[in-house]
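A look at the structure
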Amino acid sequence: MKTVQEAIAIRASKQKVFEAYVGHINRWWPRQGTYRYSFAPAGREPRHIVFERGLGGRFYEVFDDGSELVIGHITCWDPPNRLEYTWRDPSWPGQTDVSVSFIEENGVTTVTVTHSGFGAAGIPAVGAGYHTGLVEILAAFAGWVADESLLPGGPHG
Amino acid sequence: METNLDQAFAALSDPARRDLVYRLAAGPQTAGALAEPYDISRPAVSRHLRVLREAGLVTVETHGRERWYSLSPAALNDAQAWLEEVEGMWGAALQSLKRFVETNP
C-alpha cells in the first residue's frame, strides 16, 4: 500500500522538537508555496493551525472569518517520542493517518513523518504484470472510499 | 484534476465498480467477460462500466462486435500526481520545522 514518508534531522533535543511540532505548529507550518498547506475554502485565508494536546485532541485550522475546520484528531500521544493523528482533506472521501516519530541521537533529533491509510485493509491483491505500479496507486485511491465505509463519521481511536 | 478526482471517488464508492477496476488491472477485457462472474445482469454491468468511463477511470475500444475495456492511465496519473504532492508538502513542512527549531534556541 502506498505510504508517504519523509524524514529530517534537526539539531535539538527531542523534547524541544516535539514541543515545536505540537505547541508551535502555527509558527512553522508553511502558509504558502509550491504545495497546498491549508484547507481554507475559496475566499478565506488561513489564520491559525492548532493541536489540542493529548489523546483525542483536535488538529484544526482557523480561517480569517473565524470559522474552523477540523483536519483530524490525535490518536497517539506519547511525548516526546511519538505523535499520531488522523488527517482528512475535506475533498477526500476518507481519512488518512499521520504518524510522527522523534528519535534523538547525539543531540540531533530525526523526525520521521509517515502518512498512510490511503488504502483500507482488505484491498484485494492484484496479479503481477500489467500496470503493477499503477495498481498500487489505484488500490490506495479506491481505499479512501473503503476507509470511509469502515469509519462512518468521526475519528477512530 | 480535482473534478476528475471527485468523480473518480464517487465512481469508486461502489464495491461492484471497485471490483471491475481491480479486474481490469489484469489487462483489457470485453464487457461480456467482465459481466460473467456476477449475479447481476449484463445491462447492470454496462451501467457500472459507463460510470467508470464517465469518471475517466476506464476507456473503451470497439473491435469487431466486442467492446474492450481498459484502465485509463490518465486517471491513475492524476492519483500519482496527487500522492507526489502530499510527499512534497511534507518535505517542505519538515524543512520549515527544522528552520524554526534551529533558529529559535
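Residues numbered from 1 in each chain as written. Chains lettered and ligands numbered in written order. Predicted model: local features only at pLDDT ≥ 70, side-chain atom pairs only at ≥ 80, totals over all residues.

Looking at the overall build of chain B
Along its length, chain B carries five helices and three strands. Going residue by residue from the N terminus, the α and β elements of chain B occur as α-α-β-α-α-β-β-α. Split into buried and exposed, the 105 residues of chain B put 29% on the buried side. Within chain B, residue pairs in contact and separated by at least 24 positions form 57% of the contacts whose partners lie at least 6 positions apart. (Helix = DSSP H or I, 4+ residues; strand = E, 2+ residues; numbered from the N terminus. Buried ≥ 20, exposed ≤ 12 C-beta atoms within 10 Å, placed from the backbone. Contact = placed C-beta atoms within 7 Å.)

Here we look at the overall build of chain A
The secondary structure content of chain A amounts to three helices and seven strands. Overall, chain A shows an N-to-C arrangement of helices and strands of β-α-α-β-β-β-β-β-β-α. Considering chain A as a whole, with its 157 residues, one finds that 31% of them fall into the buried category. Once local pairs closer than 6 in sequence are excluded, the contacts in chain A between residues at least 24 apart make up 41%.

Examining the sheet that holds strand β1 (residues 29–30) of chain B
Residues and elements named next belong to chain B. An order of β1-β3-β2 is seen for the three strands of this open sheet, with the pairing classed as antiparallel. Of all strands in the sheet, those with a lone pairing partner are β1 and β2 (58–63), marking the two edges. Where β1 meets strand β3 (residues 66–71), two bridges bridge the pair, whose relative direction is antiparallel. From the neighbouring strand, Gln29 faces β3, where its bridge partner is Tyr69. (Pairing = 2+ DSSP bridges.)

As for the nonpolar core
Ranked by size, the top nonpolar core spans 24 residues in total, and within it Val17, Tyr21 and Val111 of chain A together with Leu97 of chain B carry the most contacts. Mapped by element, the contributors of at least two residues to this core are β1 (4–10), α1 (14–23), β4 (68–78), β5 (82–87), β6 (96–105) and β7 (108–116) of chain A together with α5 (73–103) of chain B. Aside from chain neighbours lying at most four places away, what touches Leu97 of chain B is Ile10, Ala20, Tyr21, Trp28 and Val111 of chain A. (Core = buried A, V, L, I, M, F, W, Y, C linked by C-beta atoms within 7 Å.)

Quick notes on the sheet that holds strand β3 (residues 58–63) of chain A
Residues and elements named next belong to chain A. Strand order in the open sheet formed by seven strands is β1-β7-β6-β5-β4-β3-β2, with antiparallel pairing between adjacent strands. Of all the strands in the sheet, the pair left with one neighbour each is β1 and β2 (46–51). Going from strand to strand, the sheet's axes swing by 20° on average, the running direction of each strand aside. For β4 and β5, the ladder comprises four bridges, and the chain directions are antiparallel. Its bridge partner being in β5, Trp77 is matched across the sheet by Leu83. Against the sheet, α1 contacts β1, β2, β5, β6 and β7, and its axis sits at roughly 155° relative to β6. (Axes fitted to C-alpha atoms, helices over the stretch in contact; angles between N-to-C directions.)

Focus on the confidence of the model for chain B
All names here are of chain B. Of all residues in chain B, 84% attain a pLDDT of 70 or more, and the chain-wide mean is 81. Averaged over each element, pLDDT in chain B is lowest for helix α1 (residues 2–12) (66) and highest for helix α4 (residues 42–54) (90). Model confidence for the complex: the whole-complex pTM is 0.63, and ipTM, which rates the interface, is 0.70. (pLDDT = per-residue confidence, 0-100.)

With respect to the packing of helix α2 (residues 15–24) of chain B against α4 of chain B
Residues and elements named next belong to chain B. Packing of α2 against α4 leaves a shortest axis separation of 10 Å and a crossing angle of 75°. With respect to α4, the axis of α2 lies roughly perpendicular. Mapping the contact onto sequence places Ala16, Arg17, Leu20 and Val21 in α2 and His48, Leu49, Val51 and Leu52 in α4. Looking at the contact of α2 with α4 residue by residue, the class counts come to six nonpolar, one polar and one charged. (Parallel < 35°, antiparallel > 145°, perpendicular 65-115°, else oblique. Nonpolar A, V, L, I, M, F, W, Y, C, P; charged D, E, K, R; others polar.)

Section: unusual backbone geometry
All names here are of chain A. A cis amide bond links Pro79 to the next residue, Pro80, at an omega of 0°. With respect to the helices, strands and loops of the structure, Pro80 is situated in the loop between β4 and β5. One non-glycine residue, Asn106, lies in positive phi territory at about 50°. Mapping Asn106 onto the fold places it in the loop between β6 and β7. Asn106 gets classed as exposed once you count the C-beta atoms within 10 Å, which come to 5.

So, α2 of chain B
Buried within α2 of chain B we find Arg17, Arg18, Leu20, Val21 and Leu24 of chain B. For α2 of chain B, the arc enclosing every buried residue in end-on projection is 160°, short of the 170-degree limit, so these residues lie on one face. (Arc of directions from axis to C-beta.)

Details of the pairing of β7 of chain A
Residues and elements named next belong to chain A. Side-chain alternation along β7 places Thr109, Val111, Val113 and His115 on a buried face and Val108, Thr110, Thr112, Thr114 and Ser116 on a face that remains uncovered. Sheet topology note: the β1/β7 ladder contains seven bridges and is antiparallel. Each residue of the ladder has a partner; that of Ala9, found in β7, is Thr110. Count of turn residues in the β6/β7 antiparallel hairpin: two residues, of which Asn106 carries a positive phi of about 50°.

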